[in-house]
Amino acid sequence: MEIRRIGDIWKEKYGEKVYKISLTAGCTCPNRDGTKGYGGCTFCSEKGSGDFAADSVLPIDSQIESAKKLVQNKGAKKYIAYFQSFTNTYGDVNRLKEMFSARARRPDIVEISIATRCDCLSDGVMEMLSDINRIKPLTVELGMQSASDETLSKCNCRYTIREFDRAVSRLKNRGIRTVAHIILGFPWETDGDMVASAKHAGDLGVDGVKLQLLHVLKGTKLGNDFIKQPFDTLTLEHYAEILGKCLNALPKETEIHRLTGDGPKKDLLAPTWSADKKTVMNYINNYIKNLEDERV
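None of these values were measured; they are calculated from a predicted model. (Residues numbered from 1 in each chain as written. Predicted model: local features only at pLDDT ≥ 70, side-chain atom pairs only at ≥ 80, totals over all residues. Heavy atoms only, no water.)

Visitor: It is not clear to me how the environment of Leu184 should be interpreted in this structure. Could you clarify?
Guide: Considering the arrangement of structural elements, one finds Leu184 in strand 6 (residues 177-184). Classification of Leu184 by relative accessible area gives buried; the value is 0%. If sequence neighbours within four positions are ignored, Leu184 has contacts with Met194, Leu211, Gln212, Leu213, Leu214, Leu234, Tyr239, Ile242, Leu243 and Cys246. (Helix = DSSP H or I, 4+ residues; strand = E, 2+ residues; numbered from the N terminus. Buried < 20%, exposed > 50% of the residue type's maximum accessible area, 1.4 Å probe, protein only. Contact = heavy atoms within 4.5 Å.)

Structure (structure tokens):
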């Protein structure tokens, strides 16, 4: 098993390391403002999964320049503008188009990445995304979370896996790259359920996946439930084992954009081992390397 890590792909494509800048576009979510529901998905933080994105008070270009300063001593020259927080195709299409296209025309931005929901891709939005894709390479990151409608319902996601499948198909038909976000560790899901989600994404032909450990955070519905009645979360060893199975279930050409993730330490309720990112990544990388060596 040899995985295609997105950082290596970008480096090969652009001839140097490319840095992804997390931005906040000032969007909200139909699952928060009452259009579909209130409170958002049960696992989603108050920042709409953009806990490490830039401050929304800053204009977009100021967010970019602020993020660039953090990596300027590393010789960074090329960046991907990642609109991360909340649902970045939910709002006035003309405003969104102006915002995305202005950043796509910046010479220091080599690609645009937009995180959104599968149910926020109207015909007008699809046209807008196609226009952006003609300026700079565009990737749309879709929250899949699980291939199980039961899980999506328990998490108050307010969309179905059929809607997700249709969104991927429509984006692919327009030549827009797609990345599926999958969460591993819902306490009611089995290892087989999680592997089935990865296989489902692979069978759809998504370009890449983000495999994300479930973080139980303060201030979320899931976190409140955990405080009232704690439930088991994955150990590092079990998570790595599931990761290996998911990677094996994906087509070999699938780009791997994430193997875990970090929750903000001040809000992290469980699993607490995930706060030690260096140890976690060393363990995961060694585990995957051992799997690769076994298959040589």
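Still more to cover.
Visitor: In this structure, what is going on with the pairing of strand 4 (residues 109-116)? I would like to understand it.
Guide: The two faces of a sheet get side chains in turn, since along a regular strand they alternate between them. Counting buried positions over the eight residues of strand 4 gives eight, a clear majority of the element. Pairing of strand 3 (residues 79-83) with strand 4 involves five bridges; the strand directions are parallel. Across the sheet, residue Phe83 finds its bridge partner in strand 4, namely Ile114. Here five bridges tie strand 4 to strand 5 (residues 138-145), and the two strands are oriented parallel to one another. What sits directly across from Ile114, in strand 5, is Val140. The β-α-β motif built from strand 4, the intervening helix 4 (residues 123-135) and the parallel element strand 5 has right-handed crossover chirality. (Pairing = 2+ DSSP bridges. Right-handed = clockwise from strand over helix to strand, strands pointing away.)

This is a description of form; function is not addressed.
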